[in-house]
Amino acid sequence: MDLFDYMRQENKKKESPLASRLRPRTLDEVVGQQHIIGKDKLLYRAIVADKLSSIIFYGPPGTGKTTLAQVIANTTSAKFTSINATAAGKKDMEEVVATAKDNMGMYGQKTILFIDEIHRFNKGQQDYLLPFVEDGTIILIGATTENPYFEVNGALLSRSIIFELKSLTQEDIKTLLLRALSDKDRGLGSYEATIDDDALDFLSDVANGDARAALTAIELGVLTTAPDDTGHIHITLDVASECIQRRVVKYDKSGDNHYDTISAFIKSMRGSDPDAAIYYLARMLYAGEDIKFIARRIMICAAEDVGMADPMALMVATSAAQAVERIGMPESQIILAEAVNYVATAPKSNASYLSIDAAMHTVASTVTEPIPTHLQDAHYKSAGKLGHGVGYQYAHDYPNHYVKQQYLPDSLVGSTFYNPTNMGYEEKLREYMEQIRREAE
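Predicted model only: the values in this text are computed from it and were never measured.

Moving on, we come to the overall build of the protein. Each helix and strand counted, the protein has 21 helices and 7 strands in total. Relative to the compact-globule value of 22 Å for 441 residues, the protein shows a C-alpha radius of gyration of 32 Å, a clear excess of over 25%. Principal-axis analysis of the C-alpha atoms gives the protein an extent of 105 × 65 × 35 Å. Per-residue burial over the protein gives 41% buried out of 441 residues. Restricting to contacts in the protein with at least 6 residues of sequence separation, those with at least 24 account for 72%. Of the accessible surface of the protein, which amounts to about 25000 Å², a share of 52% is contributed by carbon and sulfur atoms. For the protein, the separation between the mean place of its 45 positive charges and that of its 60 negative charges on side chains is 5 Å.

What follows is the structure in structure tokens.
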């Protein structure tokens, strides 16, 4: 390295983004991912002992895949080389392999090759690496945001250990933000900046587990906010919301705003106001509410408030719940909107809810009587001797596939639990039941 290369490297360190400057140098500096780098975990032990085999890091952006690779680079005795699959080609890999062979032959030194976004390599590029991974010429560390079981060759997978990184928690993000503000060497400590608790909560929440997004926002806030009269920079909630280009919505997921909003959401669907229901859906989505929680509430409303007036409502809501789990945001907002509009505009009936509520009360408050003998199971050998099933009338043998007979226990004969309304499909059910009962008289 000549003087100019050295100066370029030094300037790069100073001018690089905060998220890059603050990358942990040791395992002890890593925040989060304790499920794979806790001191009793395999990866931690392998890094400390410098006994790595080929591995693949898989997880969302900003969770530390490249960071862990850099930590390994700082701790291993092996030669560490990195390439990015979006820009590298076969020639780059050939050069790495040739150098790795020389280092192993002349110095007995292993080579670790880190490939960022390894899913970008096509099958031929991945196949090229296989023999050199297999014979130990290189130790592969791949990083990908895509499911490696779909995007990485099975042969490479079989020779690698897959570690899944999780989105950082809100507390993890807070730790990184406070570290950035206090670190005078690599962070923003020299600016004497402070951040309000609500601003810290906001940034750590809307970052959605992405450390890079949170650190970029706090760096922008500090660099663009003028110091006050005391020379200190003060990061308020307004500053934080501007830096991440997201307006603050008053919505505490564990407080009154959460319960008030979900209450208004459900009551709007129940009240057949799709415009209000969609508005409250948007408020929850914007504030980062769990889409699975929203989907569950739509299913409940479909069952409780629409019921048999439109049985399709529950099917639509259930399908939406399954879809959002598979697809995620932002596309899931369309799926949820469709389910909300369907439930809100469907005819309403709470007869099914009232029926099970009344039946549960009856079961809880009355003696459990025997099931009528003619309804009891008659499939085992001794059933006939006990009279089980004797006298049962098979409904399909009668007109309208209906026959009047006793189904409830003796003390409950004449009790009514389900009373269909005149709403939607339920009106047809009510008319049908009245007709077949009348004709069976």
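Still to come is the rest of the account.
A surface patch of nonpolar side chains, amounting to about 340 Å² of accessible area, comprises Tyr 392, Tyr 394 and Tyr 407. Classification of Tyr 392 by relative accessible area gives partly exposed; the value is 41%.

This brings us to the environment of Thr 75. Within the element layout of this structure, Thr 75 appears in helix α5 (residues 65-75). Considered as a pair, Thr 75 and Leu 237 are 162 residues apart in the sequence and their alpha carbons are 39 Å apart. Here Val 71 takes part through its backbone oxygen, which lies 3.1 Å from a polar atom of the side chain of Thr 75.

Relative to the 21 Å expected for 15 residues at 1.5 Å per residue, helix α19 (residues 351-365) spans 21 Å between its end C-alpha atoms, a close match to the ideal helical length. By the burial criterion, the buried members of α19 are Ala 351, Ser 355 and Thr 362. When α19 is viewed along its axis, its buried side chains cluster within an angular range of 40° and face the same direction. Exposed and facing more than 90 degrees away from the buried side of α19 are Met 360, His 361 and Ala 364.

Here we take up the environment of Ser 158. Considering the arrangement of structural elements, one finds Ser 158 in helix α9 (residues 154-158). The exposure class of Ser 158 is exposed, given its relative accessible area of 56%. Spatially, the C-alpha atom of Ser 158 lies 10.0 Å from that of Ser 54, the residues being 104 residues apart in sequence. Within the structure, Ser 158 has its side chain in polar contact with the backbone oxygen of Ala 155 (distance 2.8 Å).

This part covers the packing of helix α15 (residues 274-286) against helix α18 (residues 332-345). At a minimum axis distance of 9 Å, the contact between α15 and α18 shows a crossing angle of 150°. Comparing their axes, α18 and α15 come out roughly antiparallel. Between α15 and α18 the crossing geometry is right-handed. Residues Pro 274, Ala 277, Ile 278, Leu 281 and Leu 285 of α15 form the contact with α18, whose own contacting residues are Gln 333, Leu 336, Ala 337, Val 340, Asn 341, Ala 344 and Thr 345. Split by residue class, the contact of α15 with α18 holds 9 nonpolar, 3 polar and no charged.

With that settled, the discussion passes to the sheet that holds strand β1 (residues 55-58). Read across the open sheet, the 5 strands follow the order β2-β3-β4-β1-β5; overall the sheet is parallel. On the outer flanks of this sheet lie β2 (79-84) and β5 (161-164), each paired with one strand and no other. The sheet shows a mean angle of 15° between the axes of neighbouring strands, direction not considered. Bridging between β2 and strand β3 (residues 111-116) involves 6 bridges; their strand directions are parallel. Its bridge partner lying in β3, Ile 83 is registered against Ile 115. Along the sheet face, α5 touches β1, β2, β3 and β4 (139-144) and points at about 145° away from the line of β1.

Between Met 329 and Pro 330 the backbone carries a cis peptide bond, its omega angle lying at 5°. The backbone phi angle of Ser 272 is positive, close to 60°, even though this residue is not glycine. Along the chain, Ser 272 turns up in the loop between α14 (256-270) and α15. For Ser 272, a relative accessible area of 38% translates into the label partly exposed. Of note, the phi angle at His 401 is positive, near 55°, even though the residue is not glycine. Mapping His 401 onto the fold places it in the loop between α20 (383-386) and α21 (424-439). Classification of His 401 by relative accessible area gives exposed; the value is 52%.

Looking now at helix α16 (residues 291-306). Relative to the 22 Å expected for 16 residues at 1.5 Å per residue, α16 spans 21 Å between its end C-alpha atoms, a close match to the ideal helical length. Buried residues of α16: Ile 291, Phe 293, Ile 294, Ala 295, Ile 298, Cys 301, Ala 302, Asp 305 and Val 306, and no others.

Of all hydrophobic cores here, the largest spans 30 residues; its most connected members are Phe 265, Met 269, Leu 281, Ile 294, Ile 298 and Leu 336. Mapped by element, the contributors of at least two residues to this core are α14, α15, α16, α17 (312-327) and α18. In terms of residue count, α16 provides more of this core than any other element does, 8 residues in total. Not counting the four nearest positions on each side in its chain, Leu 336 is found in contact with Leu 281, Leu 285, Ile 291, Ile 294, Ala 295, Ile 298 and Val 324.

Rules of the game
- Residues numbered from 1 in each chain as written.
- Predicted model: local features only at pLDDT ≥ 70, side-chain atom pairs only at ≥ 80, totals over all residues.
- Heavy atoms only, no water.
- Helix = DSSP H or I, 4+ residues; strand = E, 2+ residues; numbered from the N terminus.
- Rg over C-alpha atoms; globule rule 2.2 N^0.38 Å.
- Buried < 20%, exposed > 50% of the residue type's maximum accessible area, 1.4 Å probe, protein only.
- Contact = heavy atoms within 4.5 Å.
- Areas by Shrake-Rupley, 256 points an atom, 1.4 Å probe, with all protein chains shown as cover.
- Lys, Arg positive; Asp, Glu negative; His and termini not counted.
- Charge placed at Lys NZ, Arg CZ, Asp CG, Glu CD.
- Patch = residues over 30% accessible without salt bridge, like charges linked within 9 Å, V, L, I, M, F, W, Y side chains within 5 Å.
- Salt bridge = Lys/Arg side-chain N within 4 Å of Asp/Glu carboxyl O.
- Polar contact = N/O pair within 3.5 Å; in protein donor to acceptor, adjacent residues only side chain to side chain.
- Expected span 1.5 Å × (residues − 1).
- Arc of directions from axis to C-beta.
- Axes fitted to C-alpha atoms, helices over the stretch in contact; angles between N-to-C directions.
- Parallel < 35°, antiparallel > 145°, perpendicular 65-115°, else oblique.
- Left-handed = near helix turned anticlockwise from the far one by under 90°.
- Nonpolar A, V, L, I, M, F, W, Y, C, P; charged D, E, K, R; others polar.
- Pairing = 2+ DSSP bridges.
- Core = buried A, V, L, I, M, F, W, Y, C linked by side-chain atoms within 4.5 Å.

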